[in-house]
Amino acid sequence: MAFSEPRSPFFKWVVSSAQHLSAENRQILLANLFTRTASIVFASICEISVCATAYYLYPGRHLYAFWGSAVVALLITRLSLIYVCCRWSARGQPTPTSAFLLVSILWSAVFGFGSLLCNISGDHTLFLLGNVCAVGVIGGLAGRNAGTPRLVLIQITLILGLLGLGAALSPGSGKLVLLFEAPFCAAGFFTVALRSNRDTVALLMARESSHRLARHDSLTGLPNRARISELLLERTEAGSAKPEHSFAVLLIDLDGFKAINDSLGHAAGDQILQEAAVRLREILPAGGLVGRLAGDEFVAISDGAAHSNDVRALAGRIVKTLARPFVLAEARVHIGASVGIALYPEHGKTGPQLLICADRALYAVKRNGKSAFAIFDADKHASDESLSLLRSDLEGAMQSFNGLRMEYQPIVDLSDGTVSGREALLRWTHPTRGELSPVAFIPTAERTGLVLALGEWALLQSCTEAALWREPVAVAVNVSPVQLREESFAATVASILRKTNLSPTRLNIEVTESVLLSDDIATRRNVAQLRSLGIALSLDDFGTGFSTMSTLVRFSFDKLKIDSSFVMDSVHRRESAAVVRGIVALAREMGMPTTAEGIETPEHLEFVRACGCTHAQGFLLGKPERADEIPRLEETFAEPGIDKGQEVG
């Protein structure tokens, strides 16, 4: 639903106080005009009641009858225009926004004319009723129309101007008080209208900044995995409507990057990634797009390389370009690049399918010597045992869950410094690669379906160990999108709770916005059943997903978790700090507690506490600990002399 912006220069100026906002957010401000039906009716009822009183006291004065008739006519016109605009907007047709604005201004002029009539009537009752009604309605206008402050200022000026003129012509002595107070009332109402608009625009700007940061990699400025997924979805949907539309997906992995990162440090690694991003942008043909998926893995989408000869030429240029030396402050280094390619619609008709095919081709290149490229071949690449180097090892580990374990990081209540819960974190001690975080193997488990068994084991293990904790705090367990789409997931959770004797109120399921993006029936059913069991639901990594606001509207969450990237950057980046403040303010208005992740320094803690976050977690407050360490920590925490309510940080 979209309402048309006015074509008339005057009315365009009336509603254009926030042109620096995106079109989507300007549409939100404009839509506020058409969602105030109850307020419009209430204001008109107040005015009609004053009209009726005036006509009752002075039935012979036709001006009162004209005033009442004009109020009723304008009320009907405004409501009719709201109905028409909403209907036409839903159909995608242009809406008569200018007509609605004109009628709104006419209404304020009629309202001011009525106040003038009451003031010059000489009747004390009408004098009092007219002015009380006017002040009340003006106050409502100043607070409600935050999206269009210029319209409010015009309306208030008309009403107060005519009211003041009537007061000047009034025969009574009360006009002295009114004339003295009118300028101060006007200044106060103008201030309320402008301040309300500024706060609303600031919140929308924070939302825009959040969306921008959520869709772009902070290091390279390239679209991130979330944005790439959106773009692939848009292109594949466009391709389904136009069968001739084709494009290529190139998955690019830097060779030897880890060795450079380990030997020269992360700063050198960051410089290489930034330079690689610049080179990739330069060589992509017009209409092409490059993004960073994670680590040293990039992806390119090219409409101009949809055929095998074109894509081979492009892939060859990518390999040669990234093989050129990178000049760093510490050294001159050489790395290479391996490229896996998938073509739409030949190799896949959805974004995930194309990425899987490109990943298989990339794995084949890595296996055969690196610094080359390969186009996906179903016969050659479908027999690969893994979509990445870890798949076979993960399958072996899951046969006995050997090397897999859960660790728990405390979540601290900032009001009293106590541990209110612990987040369960899956860890894997690989036999040759050492300690691996979930980021290293969960994507592989999700792609291959192994995450169902792995997620069920993690949930069972977390509930079993949480039931043994001395303090009955909640345990937060992350759930994969693949798990929530399983019809039997809620039943599995209920069975685990019965088996472990853990109270449902002590289990907190954490999901990301990508879980709810598809909004499928199975996901909705599982969410509803989990909530009916008494299990709390948290939205994790808030601000980095696909559709933040719509997700909050469609689903009811018990807690918001602010992504660590915003918290860690908030001390140095004004934009990130604004995002955190905006999220906390939004959650406070919705009655939800907030947990700030990534608290690693006292500055981080001081900032989120000042913002109003209710909970926090991070290395400063407590590192992840194994289950066998928690009883010892609880005993230490409970020793005499340790105040459980002491301030943290």
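Going by the structure above, here's the rest.
Owing to the predicted nature of the structure, the values given are computational and were not obtained by experimental measurement.

**Brief notes about the packing of helix H19 (residues 489–500) against helix H20 (residues 521–532)**
Consideration 1: For the pair H19 and H20, the least separation of the axes is 8 Å and the interaxial angle reads 25°. The angle between H19 and H20 places the two elements in the roughly parallel class. Residue-level inspection shows Phe 489, Ala 490 and Val 493 of H19 in contact with H20, the latter providing Asn 526, Gln 529 and Leu 530.
Consideration 2: Taken together, the residues that form the contact of H19 with H20 break down as 4 nonpolar, 2 polar and no charged.

**What about the sheet that holds strand S1 (residues 247–255)?**
Consideration 1: With mixed pairing, the 5 strands of this open sheet are ordered in space as S2-S3-S1-S6-S7. Two strands bound the open sheet, and with one partner strand each, they are strand S2 (289–294) and strand S7 (373–375). Across the sheet, the mean angle separating the axes of adjacent strands is 20° when strand polarity is ignored.
Consideration 2: Note that S1 and strand S6 (residues 336–344) share 9 bridges and pair antiparallel. The residue of S6 that forms the bridge with Asp 255 is Gly 336.

**Remarks on unusual backbone geometry**
Consideration 1: In this chain, Tyr 344 is followed by Pro 345 through a cis amide linkage whose omega measures 0°.
Consideration 2: Summarising the element assignment, Pro 345 is placed in the loop between S6 and helix H13 (351–367).
Consideration 3: A positive phi angle, close to 60°, is found at Asn 501, a residue other than glycine.
Consideration 4: Tracing the backbone shows Asn 501 in the loop between H19 and strand S12 (507–511).
Consideration 5: Residue Asn 501 is classed as exposed on the basis of its relative accessible area of 70%.

**Describing the pairing of strand S8 (residues 404–413)**
A regular strand carries its side chains on alternate faces of the sheet.
Consideration 1: Burial analysis of S8 places 10 of its 10 residues in the buried class, which makes it a mostly covered element.
Consideration 2: Residues Leu 404, Met 406, Tyr 408, Pro 410 and Val 412 point to one face of S8 and Arg 405, Glu 407, Gln 409, Ile 411 and Asp 413 to the other, with burial holding for every one of them.
Consideration 3: Where S8 meets strand S9 (residues 419–430), 9 bridges bridge the pair, whose relative direction is antiparallel. Bridged to Gln 409 within S9 is Glu 423.

**Considering the nonpolar core**
Consideration 1: Counting residues in hydrophobic clusters, the biggest one holds 68 residues, and the most contacted among them are Val 475, Leu 507, Ile 509 and Val 608.
Consideration 2: Ignoring anything within four residues of it in the chain, the contact list for Ile 509 reads Leu 459, Val 477, Val 479, Leu 530, Ile 535, Ala 536, Leu 537 and Ser 538.
Consideration 3: Counting residues in each nonpolar core, the second largest holds 44 residues, with Ala 31, Trp 67, Cys 133 and Val 152 among its members.

**Topic: the packing of helix H4 (residues 62–90) against helix H5 (residues 97–120)**
Consideration 1: Axis separation between H4 and H5 bottoms out at 10 Å; the angle between their running directions is 155°. Relative to H5, the element H4 is oriented roughly antiparallel. For the element pair H4 and H5, the recorded crossing hand is left-handed. Taking contact as the criterion, the partners of Leu 63, Tyr 64, Phe 66, Trp 67, Ala 70, Val 71, Leu 74, Thr 77, Arg 78, Leu 81 and Ile 82 in H4 are, on H5, Ala 99, Phe 100, Val 103, Ser 104, Leu 106, Trp 107, Val 110, Phe 113, Gly 114, Leu 117 and Cys 118.
Consideration 2: Across the contact of H4 with H5, the residue classes tally to 18 nonpolar, 3 polar and 1 charged.

**Comments concerning the packing of aromatic side chains**
Consideration 1: On inspection of all chains with the given rule, the structure shows 6 aromatic pairs.
Consideration 2: Between Phe 10 and Phe 11 the ring centres are 5.1 Å apart and the planes differ by 65°, which places this aromatic pair in the edge-to-face class.
Consideration 3: Taken together, a centroid distance of 4.9 Å and an interplanar angle of 15° make the contact between Phe 247 and Tyr 344 stacked. Linking Phe 247 in strand S1 with Tyr 344 in strand S6, this pair joins segments that are 97 residues apart in sequence. Grouping residues by exposure puts Phe 247 and Tyr 344 together as buried.
Consideration 4: A network of ring pairs unites the aromatic residues Phe 10, Phe 11 and Trp 13 as a single cluster.
Consideration 5: A cation over a ring is seen here: Arg 235 above Phe 247, with NZ or CZ 5.9 Å from the ring centre.
Consideration 6: The ring of Phe 326 has Arg 279 lying over it, and the distance from NZ or CZ to the ring centre is 3.9 Å.

**Focus on the side chain of Asp 413**
Consideration 1: With respect to the helices and strands, Asp 413 occurs in strand S8.
Consideration 2: For Asp 413, which is buried and forms no salt bridge, the nearest opposite charge comes from Arg 609, at a distance of 8.2 Å.
Consideration 3: Here Ser 415 takes part through its side chain, which lies 2.7 Å from a polar atom of the side chain of Asp 413.
Consideration 4: Asp 413 has contacts with Thr 418, Ser 420, Thr 614 and His 615, leaving out every residue within four places of it along the chain.

**So, H5**
Two residues of an α-helix separated by three or four positions point the same way, owing to the 3.6 residues in each turn.
Consideration 1: Taking 1.5 Å of rise per residue, 24 residues should cover 34 Å, and H5 covers 35 Å from first to last C-alpha, within 8% of that figure.
Consideration 2: Burial within H5 is extensive, with 17 of its 24 residues counted as buried.

**Here we look at the pattern of salt bridges**
Two side chains that carry opposite charge are able to pair once their charged atoms sit near each other.
Consideration 1: Per the counting criterion, the structure on display carries 13 salt bridges.
Consideration 2: Its salt-bridge partner being Lys 561, residue Glu 510 comes within 2.9 Å of it at the nearest N-O pair. Remark: Lys 561 occurs in strand S14 (residues 559–562) and Glu 510 occurs in strand S12; sequence separation between them is 51 residues. There is no split in this pair, since Glu 510 and Lys 561 are both buried.
Consideration 3: One salt bridge in this structure joins Glu 597 and Lys 561, with 3.4 Å as the shortest N-O distance. Taken together, the positions of Glu 597 in the loop between strand S15 (594–596) and helix H24 (602–611) and Lys 561 in strand S14 put the pair 36 residues apart, joining distant regions of the chain.

Cut-off values and rules
- Residues numbered from 1 in each chain as written.
- Predicted model: local features only at pLDDT ≥ 70, side-chain atom pairs only at ≥ 80, totals over all residues.
- Heavy atoms only, no water.
- Axes fitted to C-alpha atoms, helices over the stretch in contact; angles between N-to-C directions.
- Helix = DSSP H or I, 4+ residues; strand = E, 2+ residues; numbered from the N terminus.
- Parallel < 35°, antiparallel > 145°, perpendicular 65-115°, else oblique.
- Contact = heavy atoms within 4.5 Å.
- Nonpolar A, V, L, I, M, F, W, Y, C, P; charged D, E, K, R; others polar.
- Pairing = 2+ DSSP bridges.
- Buried < 20%, exposed > 50% of the residue type's maximum accessible area, 1.4 Å probe, protein only.
- Core = buried A, V, L, I, M, F, W, Y, C linked by side-chain atoms within 4.5 Å.
- Left-handed = near helix turned anticlockwise from the far one by under 90°.
- Phe/Tyr/Trp six-rings, centres within 6.5 Å; stacked < 30°, edge-to-face > 60°.
- Lys NZ or Arg CZ within 6 Å of the ring centre and 35° of its normal.
- Lys, Arg positive; Asp, Glu negative; His and termini not counted.
- Salt bridge = Lys/Arg side-chain N within 4 Å of Asp/Glu carboxyl O.
- Polar contact = N/O pair within 3.5 Å; in protein donor to acceptor, adjacent residues only side chain to side chain.
- Expected span 1.5 Å × (residues − 1).

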